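These are the residues of each chain, in order.
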Amino acid sequence: MIWHWIGLAVSSLTLLPAGLALLTGQIPHRLQVRLAPARPRGWALLCLWAAAPLNTIPRLADAPPSVTLAATATAGAVAVAGCALAAAAALRTSKVAP
């Protein structure tokens, strides 16, 4: 049970602020070139962050197994969407770079 809390805290302290910063465009000028499509990368990080609460909260609340299974499946779909967004942003960057 403690590992769920640790995972939720770590993901909330790392992925959430970074995703929000990329989404709103509040990134340092020296990183703007490297993170060229910042919005898709921000959405990707927020999708990856959303997988943690979807996996953790039903387990911490002692939800029925069907609810936990549905939340875990949804978290998997959201994580795949986040990975697809990150890959699309990386492909867009490689097409722009000479």
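The structure this text deals with has already been given above.
Described below are features of the structure shown in this document. Quick caveat: nothing in here was measured; it's all calculated off a predicted structure.

### Comments concerning the overall build of the chain
Summing up its helical and strand segments, the chain has 4 helices and 0 strands in all. Counting from the amino terminus, the chain carries its helices and strands in the arrangement α-α-α-α. For the chain, the C-alpha atoms occupy an extent of roughly 50 × 20 × 20 Å along the three principal directions. Taking all 98 residues of the chain together, 24% fall into the buried category.

### With respect to a nonpolar patch on the surface
Nonpolar side chains collect at one region of the surface, where Met-1, Ile-2, Trp-3, Trp-5, Ile-6 and Val-10 lie side by side and expose about 720 Å² of accessible area between them. Among the secondary structure elements, Met-1 is positioned in the segment before helix 1 (2-24). Judged by relative accessible area, which is 55%, Met-1 ranks as exposed.

### Observations regarding the state of the cysteines
Counting across every chain of the model gives 0 disulfides. Unpaired in this structure, Cys-47 has its nearest cysteine sulfur neighbour in Cys-83, at a distance of 9.5 Å. The exposure class of Cys-83 is partly exposed, given its relative accessible area of 47%.

### Notes on helix 3 (residues 38-60)
For helix 3, spanning 23 residues, the distance from its first C-alpha to its last is 33 Å, which sits close to the expected 33 Å at 1.5 Å a residue. Turning to helix 3, its buried residues number three or more, namely Ala-38, Pro-40, Gly-42, Ala-44, Leu-46, Cys-47, Ala-51, Ala-52, Pro-53, Thr-56, Pro-58 and Leu-60. Asp-62 sits one or two positions beyond helix 3 and adopts a positive phi of about 55 degrees.

### A word on the side chain of Thr-56
Positionally, Thr-56 belongs in helix 3. Thr-56 gets classed as buried once you look at its relative accessible area, which sits at 6%. Apart from the residues lying within four places of it in its own chain, the contact partners of Thr-56 are His-4 and Leu-8.

### Section: the side chain of Ser-11
Mapped onto the fold, Ser-11 is located in helix 1. Of the polar contacts made by the side chain of Ser-11, one reaches the backbone oxygen of Leu-8; its length is 3.1 Å.

### Section: helix 1
Its 23 residues give helix 1 an end-to-end C-alpha distance of 33 Å, which sits within 8% of 33 Å, the value for a rise of 1.5 Å per residue. Considering bend angle alone, the principal kink of helix 1 is centred on Ser-12 and spans about 30 degrees. By the burial criterion, the buried members of helix 1 are Leu-8, Ser-11, Gly-19, Leu-22 and Leu-23. As for helix 1, its buried residues are in contact with helix 3. Two residues or fewer after helix 1 comes Gly-25, characterised by a positive phi angle close to 80 degrees.

Scoring rules and cut-offs
The residue count restarts for each chain, going from 1 along the sequence in the order it is written. Restriction of local features to residues with pLDDT of at least 70 applies here, the model being predicted, together with a cutoff of 80 or more for giving and counting side-chain atom pairs; totals for whole chains, interfaces and linings are based on all residues. Each side-chain value is worked out from all heavy atoms of the structure, with water and hydrogens disregarded. Note on conventions: DSSP H or I runs of at least 4 residues are helices, E runs of at least 2 residues are strands, and numbering of each starts at the N terminus. Residue burial is assigned from relative accessible area. The probe radius is 1.4 Å, only protein chains are included, and a residue is buried under 20% of its type maximum, exposed over 50%, and partly exposed in between. What makes a patch is a set of residues exposed beyond 30% relative accessible area and free of salt bridges, joined within 9 Å when like-charged and within 5 Å when nonpolar (Val, Leu, Ile, Met, Phe, Trp, Tyr). Areas reported here follow the Shrake-Rupley algorithm with a probe of radius 1.4 Å; residue values treat only the protein chains shown as occluding. What makes a salt bridge here is a side-chain nitrogen of Lys or Arg within 4 Å of a carboxyl oxygen of Asp or Glu, nothing more. Cysteine sulfur atoms that pair up within 2.5 Å are treated as a disulfide. One less than the residue count of a helix, multiplied by 1.5 Å, gives the span that helix is expected to have. Contacts: residue pairs with any heavy atoms within 4.5 Å of one another. Under the rule applied, a polar contact is a pair of N or O atoms within 3.5 Å (in protein, one hydrogen donor and one hydrogen acceptor; residues adjacent in sequence only if both atoms are side-chain atoms). The term bend refers to the angle at a residue between two fitted axes, each drawn through seven residues, those ending there and those starting there.

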